[in-house]
Amino acid sequence: MTRRAAEIRLDALLRTACDVIVERGLANTRTADVANAAGVSQALVFYHFATKERLLAQAFAYAVEQDLARLDAVTRSSAPPLTKLRRILKLYTPAGRATSWSMWIDGWSESLRAPELEKVSRRLDLRWRQDLAAVISAGVADGTFQCADPDGAAWRISAVMDGLAVQLAVHDRVISRRQFGEWVRLVTARELGLDPADLD
């Protein structure tokens, strides 16, 4: 197998693993399930990943990196901090079937029992906080935001978004997307000395 063919096969396996994980959950996904769904041998799955734990951690990272690529596009843009902040809040809101949020929630839960997955989950989760803190710091520097502790504000805003997103993604009709947006804008505005309408 050429290196390019191996990379294509690996990418296809990761995509398939993500689909299986969304359907079955991290705890209930077996390497045999991924192999069957991909139409390959279980030996090939182990060739690429060595252990089930590594397969699950890399599939989780693969799914989450897609979210982070969208975040990177926002943070690297030349938009002003307020525009970047609005876009980040929109990115964070669960939409549709909330497949991405299902992976995050499942990943956090399984991280309690899977050290390899916990390391991946922590690294990727912290990226969101760091990027949000950097946008807040840039807004403080240019006078758009008033905030004495951008890192702390990023953690508090993220904690509210995480908690509300879990409710929105897991519990049908407990809160609406409209409520999610309103409450996140309210908390963010309070942290950064803004009017919630500034974040519409």
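Residues numbered from 1 in each chain as written. Predicted model: local features only at pLDDT ≥ 70, side-chain atom pairs only at ≥ 80, totals over all residues. Heavy atoms only, no water.

(A) Inspection of the pattern of salt bridges at higher detail. As enumerated under the stated definition, the model contains 14 salt bridges in all. Measuring nitrogen to oxygen at the nearest pair gives 3.1 Å for the salt bridge that ties E110 to R113. The exposed category is assigned to R113, whose relative accessible area is 54%. Taken together, the salt bridges that share partners define one network made up of R24, R30 and D33. (Salt bridge = Lys/Arg side-chain N within 4 Å of Asp/Glu carboxyl O. Buried < 20%, exposed > 50% of the residue type's maximum accessible area, 1.4 Å probe, protein only.)

(B) Representation of the UniProt feature "DNA-binding region" (unreviewed entry) in the chain within the structure. In this structure's numbering, the residues bearing the UniProt feature "DNA-binding region" (unreviewed entry) are residues 30–49. End C-alpha atoms of residues 30–49 are separated by 13 Å, and the span's content is 80% helix alongside 0% strand. (UniProt positions renumbered as here; feature names shortened; annotations may be inferred. Helix = DSSP H or I, 4+ residues; strand = E, 2+ residues; numbered from the N terminus.)

(C) Just the packing of helix 4 (residues 52–75) against helix 7 (residues 115–141), in detail. Two elements in contact, helix 4 and helix 7, have axes separated by 9 Å at closest approach and are oriented at 10 degrees. The orientation of helix 4 relative to helix 7 falls into the category roughly parallel. Here the residues of the contact of helix 4 with helix 7 are counted per class, giving twelve nonpolar, two polar and nine charged. (Axes fitted to C-alpha atoms, helices over the stretch in contact; angles between N-to-C directions. Parallel < 35°, antiparallel > 145°, perpendicular 65-115°, else oblique. Nonpolar A, V, L, I, M, F, W, Y, C, P; charged D, E, K, R; others polar.)

(D) Local environment of the packing of helix 3 (residues 42–49) against helix 4. Two elements in contact, helix 3 and helix 4, have axes separated by 9 Å at closest approach and are oriented at 70 degrees. On the basis of their axis angle, the class for helix 3 and helix 4 is roughly perpendicular. Every residue of helix 4 that contacts helix 3 at V45, F46 and F49 is listed here: K52, R54, L55 and Q58. Residue classes in the contact of helix 3 with helix 4 are distributed as four nonpolar, one polar and two charged. (Contact = heavy atoms within 4.5 Å.)

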